Amino acid sequence: MALDTKSLFSFSPLHRLQWEEAQQRFVILYPEGMVELNLSAAEILKLCDGTRDLEQIVSELETKFETTGLRDDISELLQSALDNGWIRQIPRQ
Amino acid sequence: MVGSDKFPVSSPRWLLAELTYTCPLQCPYCSNPLDFARHKNELDTQDWLRVFSQAREMGAVQLGLSGGEPLVRQDLPILVKHARQLGYYVNLITSGYKLDEDKIAELKDAGLDHIQVSIQAPERTLNNYLAGTDSFENKKEVARLVKKHGYPMVLCVVIHRQNIHLMREILDMAVELEADYLELANTQYYGWAHLNRDQLLPTREQFQEAEAIAQGYKEKLKGKMKIYYVVPDYYEDRPKACMNGWGTTFLTIAPDGLALPCHEARSLPGLNCPNVRDMSIRDIWLHSDAFNKFRGFDWMKEPCRSCPEKTRDFGGCRCQAYLFTGDMTAADPVCGKSPHRYTVTEAIANARSSFQSGEGKPLVFRNVKNSKSLSSRMGKA
């Protein structure tokens, strides 16, 4: 599925994003499986709560980390998250 | 050797809780031990709650509630609730037999994340024959209810010679039931499956044809249904990386509290597995002889010891090595480098001749009566 930059992104109800103290990282849990996330992937996916589109996620993270030029990396991660079924796109009303 | 620089001990990630050996089904490929009927004295609720807490502290995050049939445990909702509060991803691995909508909703409220329903075959007669129970319609209804209540729906079909010719129908059934995941688990030949191997092991041609069909659906269903295909290792040239390496990831607790590095390990003689009634999970994982026995590479013999692939497959499966060679430190005989590979080739040939002649022993179903009779024979051996 192609990334629709105008959509809002929400985390899949069939997956769980969770901080793992023992591993000191965020993981995605799903039936009998787990994906270990690096810091930047986790920062992006945490913002997929159904209230933000791509531009909003980019601007929030660029502000938070006092940097610019994150758009390509973020859309790449979102595309892969979409392909893996971790997130969903909700068209804006 | 615990935590040596060469091979540091990782923490468990997967806890498989076999809550009971009781099961209303009688599948002839069951992975439970042949002598399950003599292991009574099930852990009680408090034992399990303690085990869940201790394993979670160690880092376990995936919890499989299995059996036998876990639904026969009356305390299942209590166990689920506690596990979810601890932060586990809680998987219920069930036959679905007699699971009704009230229970499905109750378990959802308790925090259950996922229900995996097993179906034996895509049509009633064969399903009921293999399950030894009239269960087909009930299972399909359960699959629909699982979906309705918002769980990810995982269908599991164990594949063997009695149903492998129905691969297309199995996949169509999964589509019809809108499964999110389909696990096509080629039988692994331990326990009851090992006993019935001549009647269960598909021929190479059957296996290749079925795999090609599954592969075709995998492409077609991309993005809709994930298909997990568990390969039948007899037809591979290299062994599976069993349990992701002994004592690295998986911890199984049997119904009577025995802690096992894999769910077949109780078949290994002299392993002396610890019991959660006597030891904490931490001590079991870090310090017990059984969990340290095949960690790392020092225990290996040739051809594993000098093999560059040992870091990938860890020498394969210890239980399979024992079943074929009588030596649990041997290379998994599935491996083309094993001097015992011929024993696997023989097993394949025996199954093929049983298939071609249409003769051979009848299937031995997994039930208490057969288990008792096999136990007494094992006792005498």
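The structure presented is a predicted model; accordingly, all values stated were derived computationally and were not measured. (Residues numbered from 1 in each chain as written. Chains lettered and ligands numbered in written order. Predicted model: local features only at pLDDT ≥ 70, side-chain atom pairs only at ≥ 80, totals over all residues. Heavy atoms only, no water.)

### Some words on the side chain of Gln18 of chain A
Residues and elements named next belong to chain A. Mapped onto the elements, Gln18 comes out in strand β2 (residues 16–20). Relative accessible area serves as the criterion here: at 11%, Gln18 is assigned to the buried category. Engagement of the side chain of Gln18 in a polar contact is seen with the side chain of Arg16, the distance being 2.4 Å. For Gln18, the side chain forms a polar contact with the side chain of Glu20, separated by 2.9 Å. (Helix = DSSP H or I, 4+ residues; strand = E, 2+ residues; numbered from the N terminus. Buried < 20%, exposed > 50% of the residue type's maximum accessible area, 1.4 Å probe, protein only. Polar contact = N/O pair within 3.5 Å; in protein donor to acceptor, adjacent residues only side chain to side chain.)

### Section: the confidence of the model for chain B
Residue and element names in this part refer to chain B. On average, residues of chain B score 94 in pLDDT, and 97% of them are at 70 or above. Taken as a whole, residues 1–5 scores under 50 in pLDDT and shows 7 contacts with residues more than four places along the chain or in a different chain. Taken over the whole predicted complex, pTM reads 0.94, whereas the ipTM for its chain interfaces reads 0.90. (pLDDT = per-residue confidence, 0-100. Contact = heavy atoms within 4.5 Å.)

### A closer look at the nonpolar core
Ranked by size, the top nonpolar core spans 115 residues in total, and within it Leu15, Phe52, Leu65, Leu155, Leu184 and Ile253 of chain B carry the most contacts. Tallying contributions element by element places helix α1 (residues 45–58) of chain B first for this core, with 6 residues. One finds Leu37, Ile74 and Leu78 of chain A together with Tyr181 of chain B within the second-largest nonpolar core, a separate group that totals 26 residues. (Core = buried A, V, L, I, M, F, W, Y, C linked by side-chain atoms within 4.5 Å.)

### Overview of the environment of Gln26 of chain B
All names here are of chain B. Residue position: Gln26 is located in the loop between β1 (14–18) and α1. The exposure class assigned to Gln26 is partly exposed, which follows from its relative accessible area of 23%. Here the alpha-carbon distance between Gln26 and Ala290, two residues 264 residues apart in the chain, equals 30 Å. Residues within four places of Gln26 in sequence aside, it is in contact with Leu130, Ala131, Gly132, Phe365, Arg366 and Asn367. Of note is the side chain of Gln26, whose polar atom sits 3.5 Å from the backbone oxygen of Gly132.

### Looking at the environment of Ser288 of chain B
Residues and elements named next belong to chain B. Relative to the helices and strands, Ser288 is located in the loop between α10 (281–287) and α11 (289–292). Sequence spacing of Ser288 and Leu15 is 273 residues, and the spatial spacing of their C-alpha atoms is 17 Å. For Ser288, the residues in contact, after removing those within four places along its chain, are Pro274, Met279 and Asp283. A polar atom in the side chain of Ser288 sits 2.7 Å from the backbone oxygen of Ile284.

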